[in-house]
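The lines below spell out each chain.
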Amino acid sequence: MCQQDSPCAIKTKKKLAGALKELMKTIAFDKITISDITEKCGMHRQTFYYHFQDRYELLDWIFLNEIIEPFTTDFSFENISEKFDNLFETMQGDKKFYQNALKTNGDDLTRYISRIASNQFKELYLYLSRESSKVNVLEDDDLCVKAGFERFDVIVANILADIIIPLSKVVSKYMRKGALFISSGIINTKEKAVEEALIENGFEIVEVLHMNDWVSFVARK
C-alpha cells in the first residue's frame, strides 16, 4: 500500500478524483456512492478508505488542489488578474463537473466549501491587509475618514457566507449613513446566520432575494 502523500498515493488520489469528476458530469453528488467511484476507476473500496474518510473528503481534495491552493499560493496584487484567469480556465475546462458541483445539496456544498475555502480566504484577507498596510499606512483619524471611512453609498460582496458574516462587523465604517450593503452568493442553509449577523451589526434588512438554493440580502446602514 502506498504511503500517504507519496507519488504513488497522489497518483491513486488523482484516479479517484478523476472518477468522481467524471461521474459528476451526469450524476448529482448526493446520488454518487463510494462503490460508484471505485468501480469507475477499477479500484477496491478499501483503497478508497485508505486515502479518504468519505466522498466529502475526496471532493475537498479536488477543490483544494484544483481551485484553492493554485489561487492562494503566492497570491499578490501584481498577479491577481492572472490568478482569476487561471481559476476560470480551470472551471471552464471541467465545466460539467463544476456546474453539477454548484447544484449540489446545500448542506453538502456548505460542508466542503466552508471547511476549506473560509479558512483559506481568511488567510488571504489577512495577507492582503498586511500588504495594503505596507503601501498606505494612515494613522490620523481625520485622514482615514477622508481616504475612505464613511465614503461609500453602496458596497457589494458576492462571496461565501462565512466571509460575509465577519465582514458585516467592519464594513459599515466605510459606508455613509443610509448606504446599502448588498451581499450575495449565500447558500440558503446560511441565510439565518447572515441575517442575524447583519442585524446584530446595525443593519436594517431592506430586501431578501431567493433564487433556487441561493440568497441575496439588501441591507441599509
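Residues numbered from 1 in each chain as written. Predicted model: local features only at pLDDT ≥ 70, side-chain atom pairs only at ≥ 80, totals over all residues. Heavy atoms only, no water.

Caption draft 1: Highlighting the confidence of the model for the chain. Of the residues in the chain, 75% reach a pLDDT of 70 or more, and the chain-wide mean stands at 78. Mean pLDDT in the chain bottoms out at helix 8 (residues 141–147), which sits at 46, and peaks at helix 2 (residues 34–41), which reaches 95. Note on residues 131–147: pLDDT under 50 across the span, and six contacts to partners over four residues away in sequence or across chains. (pLDDT = per-residue confidence, 0-100. Helix = DSSP H or I, 4+ residues; strand = E, 2+ residues; numbered from the N terminus. Contact = heavy atoms within 4.5 Å.)

Caption draft 2: Spotlight on helix 10 (residues 191–200). Along helix 10, the residues that are buried comprise Glu191, Val194, Ala197 and Leu198. Buried residues along helix 10 cover an arc of 135° about the axis, so they all sit on one side. Away from the buried face of helix 10 by more than 90 degrees, exposed residues Lys192 and Glu200 are located. Buried residues along helix 10 sit in contact with helix 9 (161–167), strand 2 (175–187), strand 3 (204–211) and strand 4 (214–220). (Buried < 20%, exposed > 50% of the residue type's maximum accessible area, 1.4 Å probe, protein only. Arc of directions from axis to C-beta.)

Caption draft 3: Spatial organisation of the nonpolar core. Counting residues in hydrophobic clusters, the biggest one holds 26 residues, and the most contacted among them are Leu20, Met24, Ile37, Leu58 and Leu59. Going through the elements one at a time, helix 1 (7–23), helix 2, helix 4 (55–72) and helix 6 (95–101) are the ones with two or more residues in this core. Considering each element in turn, this core owes the most residues, nine residues, to helix 4. One finds Ile164, Ala179, Val194 and Val215 within the second-largest nonpolar core, a separate group that totals 15 residues. (Core = buried A, V, L, I, M, F, W, Y, C linked by side-chain atoms within 4.5 Å.)

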